[in-house]
Amino acid sequence: KAVVSTQSTGAGHLLHQHNFYPLHPSSEDVNLDYPHFVKHAFFQTKPDILLLPSDLRYFVKNVQDTVVVNPAKLGKGSGTYFKLRVKDSKQITNSTFVNIVKI
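Residues numbered from 1 in each chain as written. Predicted model: local features only at pLDDT ≥ 70, side-chain atom pairs only at ≥ 80, totals over all residues. Heavy atoms only, no water.

Undergrad: Hey, could you go over the pairing of strand β2 (residues 59-63) for me, with residue numbers and the actual values?
TA: In the sheet, β2 pairs with strand β3 (residues 66-70) via 5 bridges, with the strands oriented antiparallel. Within β3, the position partnered with Asn62 by the bridge is Val67. In this structure, the hairpin formed by β2 and β3 is closed by a connection of 2 residues, where Gln64 is found at a positive phi of approximately 50°. (Pairing = 2+ DSSP bridges. Helix = DSSP H or I, 4+ residues; strand = E, 2+ residues; numbered from the N terminus.)

Dropping the structure here:
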């Protein structure tokens, strides 16, 4: 049985919903400019590479044939960032190399 992580699950929800806001529909308590949300929060095609910076630990995962990268945080003098190289634009999932660098 495959191990499913919180990061993979969250990224999978974003890709399944075609929406950059993971809590859709949002709570009524959230002040959301709905016309702008509809215009900018949805994506029509599945991305090849998805960058999701967060407070979670850094990771690189293949989720539903999308390379998902969370570089975590970079601050003054500490944190992480990433270097990304794609060798073949026709097979991005299998030819993308990501290096997470700690400072």
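Undergrad: Describe unusual backbone geometry, naming the residues involved and giving the relevant values.
TA: One non-glycine residue, Gln64, lies in positive phi territory at about 50°. Here the phi dihedral of Asp65 falls at roughly 60°; this positive angle occurs in a residue that is not glycine. Within the fold, Asp65 resides in the loop between β2 and β3.

Undergrad: Before we move on, can you summarise the nonpolar core with the specific residues and values?
TA: One finds Ala11, Leu15, Phe43, Leu50, Phe59, Val63 and Val68 forming the largest nonpolar core, which totals 7 residues. For this core, the elements supplying multiple residues, two or more each, are α1 (6-17) and β2. In this structure Phe43 touches Leu14, Leu15, His18, Asn19 and Phe20, once residues within four positions along its chain are discounted. (Core = buried A, V, L, I, M, F, W, Y, C linked by side-chain atoms within 4.5 Å. Buried < 20%, exposed > 50% of the residue type's maximum accessible area, 1.4 Å probe, protein only. Contact = heavy atoms within 4.5 Å.)

Undergrad: Hey, could you go over the side chain of Ser95 for me, with residue numbers and the actual values?
TA: The residue Ser95 is located in helix α3 (residues 92-95) in this model. Side-chain polar atoms of Ser95 contact the backbone oxygen of Asp88, separated by 2.9 Å. (Polar contact = N/O pair within 3.5 Å; in protein donor to acceptor, adjacent residues only side chain to side chain.)

Undergrad: Can you lay out a nonpolar patch on the surface for me, pointing to particular residues and giving the numbers?
TA: Together, Val30, Leu32, Tyr34 and Val38 make up an exposed nonpolar region whose accessible area comes to about 310 Å². Positionally, Tyr34 belongs in helix α2 (residues 34-40). Among the residues examined, Tyr34 registers a relative accessible area of 45% and is labelled partly exposed. (Patch = residues over 30% accessible without salt bridge, like charges linked within 9 Å, V, L, I, M, F, W, Y side chains within 5 Å. Areas by Shrake-Rupley, 256 points an atom, 1.4 Å probe, with all protein chains shown as cover. Salt bridge = Lys/Arg side-chain N within 4 Å of Asp/Glu carboxyl O.)

Undergrad: Provide a residue-level description of the packing of aromatic side chains, including the pertinent values.
TA: In this structure the tally under the stated criterion is 2 aromatic pairs. Ring centres of Tyr34 and Phe37 lie 5.6 Å apart, and the angle between their planes is 35°; on these two criteria the pair is classed as tilted. Taken as a pair, Tyr34 and Phe37 lie in helix α2 at a separation of 3 residues, close to a single helical turn. Ring centres 5.4 Å apart and planes at 70° place the aromatic pair Phe37 and Phe42 in the edge-to-face group. Phe37 gets classed as buried once you look at its relative accessible area, which sits at 6%. The structure contains a cluster of three or more aromatic residues connected by ring pairs, namely Tyr34, Phe37 and Phe42. (Phe/Tyr/Trp six-rings, centres within 6.5 Å; stacked < 30°, edge-to-face > 60°.)

Functional significance is not addressed by these values, which are geometric in nature.
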